[in-house]
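The lines below spell out each chain.
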Amino acid sequence: MIEKPYLHFSGISKIFTDPKGEPYPAVEGFELRVAKGEFVSIIGHSGCGKSTVLMMTAGLSEVVIGGIFLDDKLIDEAGPDRAVVFQSPSLLPWLSALDNVLLGVNRVYPHAAKETRLDLCKYYLNKVGLGKDIHKKAADLSNGMKQRVGIARAFALKPKLLLLDEPFGMLDSLTRADLQEVLLEVWNTEKITALMVTHDVDEAIFLSDRVVMMTSGPSACVGDILPISFARPRHKAQVMEQTSYYQYREHLIRFLEDGKDKKAAHGMVSSIGDGASHF
Amino acid sequence: MTEKIIGVMRIAGFNVFVPVIRLIQGENRDEQLKLLWRTIGIQGVTLGVFLGLWALIAPQIKTNLGQVPGPAQVWEQIQSLSLEYRMETKNRKAFAVTEKARVEQKRAENPGLEVKMRRYSGRPTFLDQIFTSLVTVFTGFLLASLVAIPLGVLCGLNRTLMSALNPLIQVFKPVSPVAWLPIVTMVVSAVYTVPQPWLEKAFIISAITVSLCAIWPSLINTALGVASIDKDYINVARVLKLKFSTKIFKIVLPAALPYIFTGLRISLGVGWMVLIAAELLSQNPGLGKFVWDEFQNGSSQSLARIMVAIFTIGLIGFILDRIMVTLHKWVSFGHGTAGA
Ligand SMILES: Nc1ncnc2c1ncn2[C@@H]1O[C@H](COP(=O)(O)OP(=O)(O)OP(=O)(O)O)[C@@H](O)[C@H]1O
Ligand SMILES: [Mg+2]
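Presented here is an overview of the structure given in this document. Throughout, a residue's number is its position along its own chain's written sequence, starting from 1. To label them, take the chains in the order written and letter them from A, then take the ligands in the order written and number them from 1. Only residues with pLDDT of 70 or above have their local features reported here, since the model is predicted, and side-chain atom pairs are shown and tallied only from 80 upward, although totals for entire chains, interfaces and linings are computed over all residues. As a rule here, side-chain values come from all non-hydrogen atoms in the structure, and water together with hydrogens is ignored.

### A word on the pattern of salt bridges
- Definition used for salt bridges: Asp or Glu carboxyl oxygen within 4 Å of a side-chain nitrogen of Lys or Arg. Under the counting rule described, the total for this entry stands at 18 salt bridges over all chains.
- Between Asp133 of chain A and Lys136 of chain A there is a salt bridge, and its shortest N-O distance comes to 3.8 Å.
- A residue is classified by how much of its surface remains accessible, and Asp133 of chain A, at 14% relative accessible area, is buried.
- Across the salt bridge formed by Asp321 of chain B and Arg265 of chain B, the nearest N and O atoms sit 2.8 Å from each other. On the criterion of sequence distance, the pair formed by Asp321 of chain B in helix 12 (residues 302–332) and Arg265 of chain B in helix 10 (residues 244–282) is long-range, its members being 56 residues apart.
- Relative accessibility under 20% of the residue-type maximum defines a buried residue, over 50% an exposed one, and the middle range a partly exposed one, all with a 1.4 Å probe and only protein chains included. The partly exposed category is assigned to Asp321 of chain B, whose relative accessible area is 25%.
- Relative accessible area serves as the criterion here: at 34%, Arg265 of chain B is assigned to the partly exposed category.
- Bridged by salt links that share partners, the residues Glu84, Glu294 and Arg305 of chain B form one connected network. Numbering of helices and strands runs from the N terminus; a helix is a DSSP stretch of H or I covering at least four residues, while a strand is a stretch of E covering at least two.

So this is what it looks like as structure tokens:
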């Protein structure tokens with residue numbers, strides 16, 4: 001356990017109101033400590049509440065019970081110290097790639113000289129491999145390119161925390177592999193504490209220091225945590241040669257499979273009419 | 001190059017001319033000819049049938065002012081109106097020359113005296129009326145937009161404001177210009193009491209009536225466009241903690257632009273219709289007054305002249321709409337699938 005966490009979820013809960021007006025406890029008692037400079041992935045079944053946790057960390061959604069602390073401060077609103085890379089590349093399509101990055105940089109370094117700000121943007125756009133397309137409108141970029149800009153935009157803010165919600169979910173597997181390398185490369189030089197939601201077991205193992213497995217909702221929480229001990233910098237081919245890779249993989253998949261069974265069992269129970277009893 | 005011209009044509013909504021251009025370029029002749037027939041050819045036939053029926057039926061109907069005019073009489077009046085215009089222009093020029101001579105002579109005779117140029121007081125020509133109407137409709141439209149867009153943005157961003165204003169919008173939206181006119185006339189007459197007005201009272205009344213009716217479509221569409229902006233874009237603004245003005249100009253307005261222009265297009269169309277009615281009723285200068293004057297005049301040519309006015313009104317309305325469509329398509333570019 002981490003003694004003095006940089007990011008701390010103190011058993012937080014989130015209760016939504018479902019369409020029928022009934023309270024729906026999506027997340028309950030989510031407890032997690034993350035050290036500074038750590039890369040943590042969250043995996044879990046669809047709809048278990050991964051995005052909910054991430055949005056609360058971003059300050060885009062309110063925590064109902066408990067609190068999230070970053071650097072000893074309670075998170076109570078959104079801010080540029082927590083950069084988000086959304087699943088859909090939420091670039092502003094009417095702005096160029098450069099202007100999209102600049103929008104945030106202008107906000108974070110309002111007093112820097114214009115040249116400095118532009119250089120900063122170009123540095124990160126270059127790093128994600130977008131050197132010559134920076135003046136293209138975001139609307140004219142491919143999805144992969146857009147997500148590259150999304151990554152550059154997040155890093156250029158020099159945030160305390162990087163939040164990624166299935167950043168490569170919409171991409172084909174080739175582009176996804178490319179972007180995982182790009183992300184890891186930039187991250188290696190910056191070592192920004194990162195929290196990433198993913199569905200992809202291999203992605204989680206390859207990128208993270210620890211993988212957090214969430215139980216299925218309702219009342220989802222941390223089910224298990226798997227530390228990944230590959231040395232950094234990592235390379236995909238090397239990582240996949242290790243036997244431990246397949247042990248990690250096995251571990252994660254078993255957790256997800258078990259969760260599925262439980263979910264099915266739970267579904268049967270409630271269909272009989274005993275809605276109150278989950279687990 | 002060809003494709004560029006065709007692209008521009010498409011944006012401007014002149015799809016009809018695309019085959020013509022391709023034909024000139026000598027692209028697959030038969031297919032383009034077929035396309036041409038399907039657009040211009042069919043439209044030509046429709047026009048022919050319309051003119052034929054008109055020429056046939058019109059003379060059958062007798063009114064106090066004689067027969068209902070057919071296409072030939074209307075064409076005559078178009079020529080007569082253009083002749084009148086040329087005569088008036090000549091008179092005006094001649095007046096300017098003699099007036100200048102008169103003033104100069106007076107000044108020479110009596111250097112200390114302030115001599116004023118008299119204004120030419122001829123009847124406004126048809127073209128003058130068109131011009132007046134256009135200026136009025138754009139003034140009213142501008143006035144409406146200046147209120148509708150900011151208010152619409154605020155409504156779209158703030159659900160409370162939206163539900164607060166909604167009843168008012170719903171009640172005022174369907175009110176016809178005819179109902180506004182008396183109130184606007186009375187209020188403007190009471191409030192606007194400048195001794196030497198820079199703008200004519202009639203002009204202000206017409207413009208305000210136009211705005212009162214043109215404001216609603218822009219307001220509603222702007223609010224709708226802003227309210228339906230992709231949540232991700234708004235989240236970007238929240239994460240970056242953008243200043244209110246940056247948020248509006250970099251995110252909200254560009255995102256809602258296609259909706260806003262849909263609203264503006266409807267508003268301009270409504271404004272143009274309203275203006276003609278307002279001018280006709282209150283006899284404020286413009287095309288509507290031309291129609292009314294001809295109706296009062298009651299000469300044998302009056303009906304034909306009114307028909308000329310009707311075609312003019314329709315044509316101008318069509319052109320205004322085309323302009324707005326072009327602008328709309330233009331701002332919708334670079335929007336991917338958003339809006340439009
Ligand atoms: N605004 C909301 N109102 C009501 N219920 C919500 C709301 N947002 C999410 N939920 C519910 O909370 C649960 C968790 O949703 P969440 O989006 O966090 O899941 P997720 O793990 O990110 O799923 P996915 O992997 O499909 O993205 C779901 O059951 C969802 O229906
Ligand atoms: Mg999600």
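On we go from here.
### Some points on the interface of chain B and chain A
- Facing 16 residues of chain B, the contacting portion of chain A comprises 22 residues.
- The term buried area denotes the loss of accessible surface (1.4 Å probe radius) that occurs when two parts are joined, taken as the sum for both partners. Taking both partners together, chain B and chain A bury about 1,700 Å²; carbon and sulfur atoms supply 70% of that area.
- At the junction of chain B with chain A, the criterion picks out one salt bridge.
- Two residues, Lys241 of chain B and Glu77 of chain A, come together in a salt bridge whose shortest N-O distance is 3.1 Å.
- Polar contact criterion, stated in full: a pair of N or O atoms within 3.5 Å, where within protein one must be able to donate a hydrogen and the other to accept it, and residues adjacent in sequence count only if both atoms are side-chain atoms. Our enumeration of links across chain B and chain A arrives at six residue pairs in polar contact (both at pLDDT 80 or more).
- Per-element accounting of the side of chain B that touches chain A gives the leading share, six residues, to helix 9 (residues 231–239) of chain B.
- Basically, the charged four are Asp, Glu, Lys and Arg, the nonpolar ten are Ala, Val, Leu, Ile, Met, Phe, Trp, Tyr, Cys and Pro, and anything else, Gly included, counts as polar. Split by residue class, the side of chain B that touches chain A holds eight nonpolar, four polar and four charged. For this analysis, residues touch if any pair of their heavy atoms sits within 4.5 Å.

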